[in-house]
Amino acid sequence: MSEEKAKVDIEEKVANLPTSPGVYIYRDSNESILYVGKAKKLRNRVRSYFQSSRKQDGRIKTMTSKIDDLEVIVTDSEAEALILENNLIKQYQPRYNIMYRDDKSYPYICITPGDKPRVFPTRTVLKDGSKYFGPYDSVVTMKRLLETIRKTFGLCTCAVSQKVIDKTRGVPRWHSCFDDYLENCSGDWDSDVYNDIIDKVERLLNGKTDVLIRELKEEMEIASDALAFEEAAQLRDSVKAVKRYSKKMKIVASKKVDRDVFAVGRNEEINEACGVLFKIREGKLIGKFHRFLKNIDELEMSEMIQSFVEDYYTGQYKAAIPDEVYLSHDMVDAEPLEEYLRQERGKIVPVHVPQIGEKKQLIKMAQANVKLYLNERALEKEKAERSRIPHAIKELKQHLHLSRLPRRIECFDNSNLQGTDPVASLVCFVDGRSRKSEYKRFHIKTVEGPDDFASMKEVLTRRYSRVQKEGLQIPDLIVVDGGKGQLSSAVEALKEIGFEGECDIIGLAKRLEEVFLPGRSSSIMIPKKSSALKLLQRVRDEAHRFAIQFHRKTRSKRTLGTELTEIEGVGKKTAQKLLKEFGSVRKIKKAGKKELQDFIGNSTGEKIHNYFRQ
């Protein structure tokens, strides 16, 4: 199908779409699914992708350019659309939807259906009618819970294959699975007693320990009054077991309510995000869960938190709906989730972003865990990368005859405007990839006027004096942006501080992409199509971009100081308020007298107006 014909066909389809809620599916020319989305009004949502007036990020622009066909599925409500969207994403894993990566197979506790349900640990979730409790971040937590179930209720919790289950009794073919249950296998209990125990187990697994302790105490008193002392003693031991388990759970809220707390964060270096869930029941943290998000280029936090929360409540990991849901960021559109939670719970479930107090502290605790998981993930990826040295790194060593592989490259660039606001930048690349956490900015302090050579000398002196003093990691290669002059200044700086010979150093001239080495009069020309040259260019361009960005920021601050704060009655805070309201100094200059007076007051507004009119 030609691009023009595809465009016409899609425009016709969009024009005839209903305004009902539903799911839309985009396909490319090979009929592969590009994206699955949900909408409150299908026509309005789908049309927005094809409107030229709408600002779109690069990811969406790329996707829309590939759309060849469109399919929609109408649903009765937004909640239904939410569930269908989630199922389709899991089934087809479209390229432009957020995908999830679990760094492990999570353990669950399963309760099977039937007259005598089994309770056992598993890492496999099946759609067989069973109830799954979890996932548990820690196997220790799950085993502690299973032990509590055994001690409290005498219930068999062994994980056995379906092949060894006696279908007539619902128990293993041997009479007992643990020594604790010799001649007393729970599979032989009366059905009414068994199902009553299972109800109590579910309450325990849902974190309802206070209710369970109260019920067990009432049963103990009844048994004691009936002189059933053996039964009363067993119930007393059950109460002790539940209390021991309850004490081990961390109390994180003063109010005994059920809450789910969600937080997301992003690591730019590995281009991944992480979502964390805290499951709080009766004010106690009973479970923690995290997942990594991929395909997040140019996505906002609001989009990621929405995807994470919706995926949790509609996917395999979902559990009982709590009383309250708290988020680290606002969602793009909370209505579908709120409707779905109301239908599942039978009442309104508030979904909020807390700003103060205990709930805000819970969000901070969840965000701290997000940061921890992302750091661990970054370390994992770094270890994996260490074993794989990029070809460009090997090629660069070969072309420049370096003493060692340039796995860690630090590149410097200067920026000034006719000598004003001189600054410099340092960017760091490890194994061919930028490491933004180690970028540095420098204000030039000792150089007067536009002297790039002296500026470069100052910056390298400051940087590597600190590396020596604090024992920081030494780079394999230093790159200075410029030719022989800049390189000579850099080498001189390293000599003066006793850093010469610690690593290789080169200068990269922009004019012909010439590479200069210390002590060599002629330059080295790396082949134009070489991956080594492309790596050097990428490093140099990033240093230039970072320096320009810092220079503009520095200049704008100075402009703020010299333009607005020189006006009588205008301090730094007033200047900031004006800039926030009008957007720039140029717009403040153009503003009318009354407009300024209405915003900042008659006297100050008049002074500003008169200042710019002189």
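Look up: the structure comes first, before these words.
Owing to the predicted nature of the structure, the values given are computational and were not obtained by experimental measurement.

Enquirer: I tried to follow the overall build of the chain on my own but got confused; where do I start?
Expert: Broken down by element type, the chain carries 19 helices and 23 strands. The contacts of the chain with a sequence gap of at least 6 include a subset with a gap of at least 24, amounting to 63%. Surface exposure of the chain reaches about 32,000 Å², of which carbon and sulfur atoms provide 48%.

Enquirer: I tried to follow the packing of helix H4 (residues 78-92) against helix H10 (residues 335-345) on my own but got confused; where do I start?
Expert: Angle between the axes and distance between the axes: these two values describe a pair of packed helices. It is at 8 Å that the axes of H4 and H10 come closest, and there the two elements cross at 100°. Judged by the inter-axis angle, H4 sits roughly perpendicular to H10. Across the interface between the two elements, Glu 78, Ala 79, Leu 82 and Ile 83 from H4 touch Glu 335, Pro 336, Leu 337, Glu 339, Tyr 340 and Gln 343 from H10. Broken down by class, the residue content of the contact of H4 with H10 amounts to six nonpolar, one polar and three charged.

Enquirer: Which parts of the structure should I look at to understand the nonpolar core?
Expert: Counting 32 residues, the largest nonpolar core has Phe 262, Tyr 313, Val 325, Leu 327 and Leu 341 as the members making the most contacts within it. Secondary structure elements with two or more residues in this core: H4, strand S5 (108-111), strand S11 (259-267), strand S12 (272-281), strand S13 (284-294), helix H9 (301-314), strand S14 (324-327) and H10. Among the elements that make up this core, the one with the highest residue count is H9 (six residues). With residues near it in sequence (within four places) discarded, Phe 262 still touches Val 276, Leu 277, Ile 305, Phe 308, Val 309, Tyr 312, Tyr 313, Val 325, Tyr 326, Leu 327, Ser 328 and Ile 363.

Enquirer: I keep staring at the sheet that holds strand S3 (residues 69-74) and nothing clicks. Help me out?
Expert: Within a sheet, adjacent strands bond to each other through the backbone by hydrogen bonds, running parallel or antiparallel. A sheet is described by the order of its strands in space; here three strands give the open sequence S2-S1-S3, paired in antiparallel fashion. Each edge of the open sheet carries a strand with a single partner, namely strand S2 (33-39) and S3. Each neighbouring strand pair of the sheet contributes to a mean axis angle of 15°, computed without reference to strand direction. Here strand S1 (residues 22-27) pairs with S3 via six bridges, running antiparallel. Each residue of the ladder has a partner; that of Tyr 24, found in S3, is Val 72. Strands in contact with helix H3 (residues 58-66) are S1 and S2; relative to S2, the strand with the most contacts, it is inclined by about 110°.

Enquirer: Even after reading the chapter, I still don't get helix H5 (residues 139-153), so can you show me in this structure?
Expert: An α-helical turn contains 3.6 residues, so a residue and the one three or four places further along point in the same direction. Between its terminal C-alpha atoms H5 stretches 21 Å, which fits the 21 Å expected from 15 residues at 1.5 Å a residue. The positive-phi residue at the C-terminal boundary of H5 is Gly 154, with phi of around 65°.

Enquirer: In this structure, what is going on with the sheet that holds S5? I would like to understand it.
Expert: Taken in spatial order, the three strands of this open sheet run S6-S5-S7, and their pairing is antiparallel. Bordering the open sheet on either side are strand S6 (119-122) and strand S7 (131-133), each of which pairs with just one other strand. If you compare each strand with its neighbour and ignore which way they point, the axes differ by 30° on average. Looking at chain direction, S5 and S7 are connected through three bridges and run antiparallel. Note that in S7 the partner of Ile 111 across the bridge is Lys 131. Packed on one face of the sheet, H5 meets S5 and S6 and runs near 35° to S5.

Enquirer: Would you explain the pairing of strand S20 (residues 477-481) in this entry?
Expert: If a strand is regular, its side chains alternate between the two faces of the sheet. Most of S20 sits out of view: five of its five residues are buried. Neither face of S20 is exposed, since Leu 477, Val 479 and Asp 481 on one face and Ile 478 and Val 480 on the opposite face are all buried. Across five bridges, S20 lies against strand S21 (residues 504-509) in parallel orientation. Paired with Leu 477 across the bridge in S21 is Asp 504.

Rules used throughout
- Residue positions are given per chain, counting from 1 as you read along its sequence in written order.
- Only residues with pLDDT of 70 or above have their local features reported here, since the model is predicted, and side-chain atom pairs are shown and tallied only from 80 upward, although totals for entire chains, interfaces and linings are computed over all residues.
- As a rule here, side-chain values cover all heavy atoms of the structure and leave hydrogens and water aside.
- What counts as a helix is a DSSP run of H or I of at least four residues, what counts as a strand is a run of E of at least two, and both are numbered from the N terminus.
- The contact rule is simple, with two residues in contact once any of their heavy atoms fall within 4.5 Å.
- To be clear on the numbers: accessible area is Shrake-Rupley with a 1.4 Å probe, and residue cover counts the displayed protein chains and nothing else.
- A fitted line through C-alpha atoms represents every axis, and for helices the fit uses only the stretch in contact; the resulting angles, taken between N-to-C directions, go from 0 to 180 degrees.
- For classification purposes, angles smaller than 35 degrees are called roughly parallel, those larger than 145 roughly antiparallel, those between 65 and 115 roughly perpendicular, and all remaining angles oblique.
- Polarity classes work like this: nonpolar for Ala, Val, Leu, Ile, Met, Phe, Trp, Tyr, Cys and Pro, charged for Asp, Glu, Lys and Arg, and polar for all others, with Gly in that last group.
- Throughout this description, the term nonpolar core refers to a set of buried Ala, Val, Leu, Ile, Met, Phe, Trp, Tyr and Cys residues connected via side-chain atoms within 4.5 Å.
- Burial classification: accessible surface area is computed with a 1.4 Å probe over protein chains only, and a residue below 20% of its type maximum counts as buried, one above 50% as exposed, and the rest as partly exposed.
- Between any two strands, pairing holds if DSSP finds at least two bridges.
- Multiplying one less than the number of residues by 1.5 Å gives the expected span of a helix.

Distances and angles like these do not, on their own, reveal function.
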